[in-house]
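Take a look at the letters that make up each chain.
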Amino acid sequence: MFKRARIAAQSATRRSTLARRVQTAVLIACCLLPGLAGSSETKDPLLAYGARIIGDDARTRIVIDFDREPRFSVHYIANPERIIVDLPATAFGFPAKDLAARGLFKDIRYGKMDEESARIVLTTAAPVKLALAKVQADEAGRGHRLVLDAEVIDKQAFAELVKTQSWDDRTEAAQTTSAIPAPEKTAPGDFVIAVDAGHGGIDTGAIGVDTKTEEKQVTLAFARALADRLNKEPGIKAFLTRSDDEFLSLSQRVLIARQNHAGLFISLHADTLKQKDIRGATVYTISDRASDKLAADLAERENLSDQIAGKETVAEPPEVADILLDLTRRETQAFSISLAESVLNSFKDQIGTINNPHRHAGFRVLQAPDVPSILLELGFLSNAEDEKLLLDETWRTRIADLVTEAVKRYRTGVVANGG
């Protein structure tokens, strides 16, 4: 089972230099009682306590009520056309149905980006600009409202908006990673593992068929449980790529793992499918070609995470024609396959899996060239039975135990063969 890992480990050793996301009711009450509402100087998040959208496919208005005056900025992104409204830290306390997409907007997302910021992403049905974007005081003295009036423009005019606007952080390269999470008290020889809770912040992920639980909550709970369990093992240090409801781009997740010199990267997910009868766990590894349509469709959805959060489409830099880098990728893929097989061996007769449970596709979150990586689909929130299990703490603990055993076996095999 570890033949490929042994070969990879021996070669990797020779090239060690290449190998590393308010309780709404309380807040609403506060904003409705002027004596309790915070000042514009407070560090507490803004509260968006109401929203409405009206209009048609020629002009659409969005109004969002805040407990106090919000600062905001507007940007435009192409491919697909989107309007981005950036806000300070904001708690969104209105029902999702109050801001359901209509008129000029075919999709509306909003949520936390990090501890200091939130974002509204308006995906448009045609090229659109905001003819009006302003904040005005509420007539009843309950705070302020943000008013956005969108109207249709032609493609050339939209392209000009995109071209002439100014961003403070136009590319992923401008992101700072000085405060990236790290494992605590690592020692020489420790086996470092990045546990990645899929989705987060503005990117909610899938929604449970019965409870309407968001995937980002499920994955974070599992990630915490798995990291805690792994950290009970001598010589293993696990850390979370995100420890709260925060958005991380796909490339940030990869970068966090590499900068912490992770020996493994495990990304946790719980997707939905149109076929409600399909259930069970799946383990995915990266590949240029998808193993099947299900894997291809899943990878395509997961790779849209950055787009959902309003990230610009940035061309990948041209790669250096380096045979050593190519070999490193091949070896890392072999390690990833060995880990996937170890996890599935742990699940055998213990945890239900789908047919052909080891699949592969071009997942961007698995693209680190030097960190063995797997995407563990814990189950499907589109299946009622899977959803019950995904929300069960005892089952969560069982999964964490089994994955930990798989990691220990994988590590033992790699070390024994020179890794």
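Everything numeric here is computed off the predicted structure, so don't read it as measured data. (Residues numbered from 1 in each chain as written. Predicted model: local features only at pLDDT ≥ 70, side-chain atom pairs only at ≥ 80, totals over all residues. Heavy atoms only, no water.)

1. Structural notes on the overall build of the chain
Part 1 of the argument: Looking only at helices and strands, the chain features 10 helices and 15 strands.
Part 2 of the argument: Relative to its full complement of 419 residues, the chain shows a buried share of 48%.
Part 3 of the argument: Working note: accessible area of the chain is about 20300 Å², and carbon and sulfur atoms make up 51% of it. (Helix = DSSP H or I, 4+ residues; strand = E, 2+ residues; numbered from the N terminus. Buried < 20%, exposed > 50% of the residue type's maximum accessible area, 1.4 Å probe, protein only. Areas by Shrake-Rupley, 256 points an atom, 1.4 Å probe, with all protein chains shown as cover.)

2. Considerations on the pattern of salt bridges
Part 1 of the argument: In the structure shown here, the tally under the stated rule is 29 salt bridges.
Part 2 of the argument: Between Asp306 and Arg364 there is a salt bridge whose closest N-O contact spans 3.5 Å. Note that Asp306 is positioned in helix H7 (residues 305–308) and Arg364 in the loop between strand E14 (353–361) and strand E15 (373–377), a separation of 58 residues in sequence.
Part 3 of the argument: One salt-bridge network, in which partners are shared between bridges, spans Arg52, Asp65, Asp138, Glu139 and Arg145. (Salt bridge = Lys/Arg side-chain N within 4 Å of Asp/Glu carboxyl O.)

3. Observations regarding the confidence of the model for the chain
Part 1 of the argument: Chain-level statistics for the chain give a pLDDT mean of 85 and a share of 83% at 70 or above.
Part 2 of the argument: Helix H2 (residues 24–32) is the least confidently modelled element of the chain, averaging 38 in pLDDT, while strand E12 (residues 264–269) averages 98, the highest of any element.
Part 3 of the argument: The low-confidence segment residues 317–321 (pLDDT under 50) makes one contact with residues lying over four places distant or belonging to another chain. (pLDDT = per-residue confidence, 0-100. Contact = heavy atoms within 4.5 Å.)

4. Thoughts on empty space enclosed by the protein
Part 1 of the argument: The computed volume of the second largest cavity comes to approximately 90 Å³.
Part 2 of the argument: Every residue lining the second largest cavity is counted, 15 residues in all, and those nearest its centre are Leu250, His269, Glu302, Ser305 and Val365.
Part 3 of the argument: At the level of secondary structure, the elements contributing two or more residues to the lining of the second largest cavity comprise helix H5 (250–259) and E12.
Part 4 of the argument: Residue classes in the lining of the second largest cavity are distributed as four nonpolar, six polar and five charged. (1 Å grid on protein atoms, 1.4 Å probe; cavity = no way out; pocket = protein on both sides within 12 Å on 5 of 7 lines; lining within 4 Å. Points joined across faces, edges and corners; volume = space filled by probe spheres on them. Nonpolar A, V, L, I, M, F, W, Y, C, P; charged D, E, K, R; others polar.)

5. A word on the sheet that holds strand E11 (residues 236–240)
Part 1 of the argument: Taken together, the six strands give an open sheet; going across it, the order is E11-E10-E12-E15-E13-E14, and neighbouring strands pair in mixed fashion. In this open sheet, the two edge strands, each paired with only one partner strand, are E11 and E14. Within the sheet, the average angular offset between the axes of one strand and its neighbour, ignoring direction, is 20°.
Part 2 of the argument: Inspection of the sheet shows strand E10 (residues 191–197) paired to E11 by five bridges, in the parallel sense. Each bridged residue has a counterpart across the sheet, and for Ile193 the counterpart in E11 is Ala238.
Part 3 of the argument: Lying over the sheet, helix H6 (residues 293–302) contacts E12, strand E13 (281–286), E14 and E15, oriented at roughly 60° with respect to E14. (Pairing = 2+ DSSP bridges. Axes fitted to C-alpha atoms, helices over the stretch in contact; angles between N-to-C directions.)

6. Quick notes on H6
Part 1 of the argument: Of all the residues in H6, the buried ones are Leu294, Ala295, Leu298, Ala299 and Glu302. One side of H6 carries all its buried residues, which in axial view fall inside an arc of 130°. Opposite the buried face of H6, by more than 90 degrees, sit the exposed residues Lys293 and Glu300.
Part 2 of the argument: N-capping of H6 is provided by Asp292, with a side-chain oxygen placed 3.0 Å from the backbone N of Leu294. (Arc of directions from axis to C-beta. Polar contact = N/O pair within 3.5 Å; in protein donor to acceptor, adjacent residues only side chain to side chain.)

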